[in-house]
Amino acid sequence: MTFNQILEKFGDNCRLDGSYFLCQHDHIKKIANMLEKVQGLSLEDCFNFCFAPVNVRDPKAMYHLLRYATSFGQKLPVNVAMGMPRSSARNDAELLDLETRHQVLSMYLWLSNHFDEETFPYVKKVEAMASSIADLLGQSLVIANWKPESRNKGKPKTEKSEGQQETRGAVELQTEKKEMGYSRPQSLLKLYEKKRHENSLRLDHSKKVAA
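Residues numbered from 1 in each chain as written. Predicted model: local features only at pLDDT ≥ 70, side-chain atom pairs only at ≥ 80, totals over all residues. Heavy atoms only, no water.

Here's the deal with the nonpolar core
Here is step 1: With 40 residues, the main nonpolar core has Ile31, Leu35, Phe49, Leu65, Tyr68 and Leu111 as its most contacted residues.
Here is step 2: Per element, the largest residue contribution to this core is eight residues, and it comes from helix α5 (residues 92–112).
Here is step 3: Apart from residues lying up to four places away in sequence, Phe49 is in contact with Ile31, Leu35, Leu41, Leu65, Tyr68, Ala69, Phe72, Leu111, Phe115 and Phe120. (Core = buried A, V, L, I, M, F, W, Y, C linked by side-chain atoms within 4.5 Å. Buried < 20%, exposed > 50% of the residue type's maximum accessible area, 1.4 Å probe, protein only. Helix = DSSP H or I, 4+ residues; strand = E, 2+ residues; numbered from the N terminus. Contact = heavy atoms within 4.5 Å.)

Focus: the environment of Pro59
Here is step 1: Relative to the helices and strands, Pro59 resides in helix α4 (residues 59–73).
Here is step 2: We classify Pro59 as exposed; its relative accessible area is 65%.
Here is step 3: A C-alpha to C-alpha distance of 9.6 Å links Pro59 and Thr100, two positions 41 residues apart in sequence.

Things to note about the pattern of salt bridges
Here is step 1: Counted under the stated rule, the structure contains three salt bridges.
Here is step 2: The shortest N-O distance in the salt bridge between Arg90 and Glu94 comes to 2.8 Å.
Here is step 3: For Arg101, the salt bridge goes to Asp97, with nearest N and O atoms at 2.7 Å. Taken together, the residues Arg101 and Asp97, both in helix α5 and four residues apart, mark about one turn of the helix.
Here is step 4: One salt-bridge network, held together by shared partners, links Lys60, Asp97 and Arg101. (Salt bridge = Lys/Arg side-chain N within 4 Å of Asp/Glu carboxyl O.)

Re the environment of Ala61
Here is step 1: As for its position among the elements, Ala61 is in helix α4.
Here is step 2: A C-alpha to C-alpha distance of 9.6 Å links Ala61 and Leu105, two positions 44 residues apart in sequence.

Some remarks on the confidence of the model for the protein
Here is step 1: For the protein, per-residue confidence averages 78 on the pLDDT scale, and residues scoring 70 or more make up 63% of the total.
Here is step 2: Across the protein, α4 holds the top mean pLDDT of 96, while helix α7 (residues 162–179) sits lowest at 51.
Here is step 3: Confidence over residues 177–186 falls short of pLDDT 50; this stretch has two contacts with residues more than four positions distant or in other chains. (pLDDT = per-residue confidence, 0-100.)

So, the packing of aromatic side chains
Here is step 1: A complete count under the given rule lists eight aromatic pairs for this structure.
Here is step 2: Between the aromatic rings of Phe47 and Phe51, the centroid separation amounts to 4.5 Å while the plane-to-plane angle is 40°, which identifies the pairing as tilted.
Here is step 3: Residue class for Phe51 comes out partly exposed when judged on its relative accessible area of 39%.
Here is step 4: For the ring pair Tyr68 and Tyr108, a centre distance of 5.6 Å and an interplane angle of 75° mean the geometry is edge-to-face. Of this pair, Tyr68 sits in helix α4 while Tyr108 sits in helix α5, and the two are 40 residues apart along the sequence. Comparing Tyr68 with Tyr108 shows no difference in burial state: the two are buried.
Here is step 5: Here the aromatic cluster, defined as three or more aromatic residues joined through ring pairs, consists of Phe49, Tyr68, Phe72, Tyr108, Phe115 and Phe120.
Here is step 6: Positioned over the ring face of Tyr122 is Lys125, at 5.8 Å from the centre of the ring. (Phe/Tyr/Trp six-rings, centres within 6.5 Å; stacked < 30°, edge-to-face > 60°. Lys NZ or Arg CZ within 6 Å of the ring centre and 35° of its normal.)

Right, dumping it as structure tokens:
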């Protein structure tokens, strides 16, 4: 049985009382599924690699995690095969690249604390690389003056006039108020006139009954 299957069985069969709940662990299952092809990993090894701090939506970071696990499974010293950037970021893509590189290095340092020193022997080198990239990230954020890239490229929004937006908002507000049983308060003068009219009708009805 693979580690991924063990996680699925655990999620299906665990029982918790009302004080606790089972956290989402889909990201752990995704890493476990990736590690199934790696030979030489024990159950404890798989557990440690699955809980490494990695963004499972980042293909580059996942690739480096797989490479770490492969070297570890082959009983080889785990190294970082990654170049160092020479300057701070000039756009969103370069900023994200710096973040990924720092994440890969942080992942190495995290794993070095969970395995023997012989398997992750380049801690000092990685610490220096992580510190340099952290400095570049700081510089990039300080001097950032580029226009953020839009996530909705190719989908221009149709602009609406201010009057159309206000009308639509008023209609939605009225609809919401009706659904909630909301009615707008009347002025005191109108309430007084309404009350006087009701009393007058009631008095006329009483006189007719008495006659």
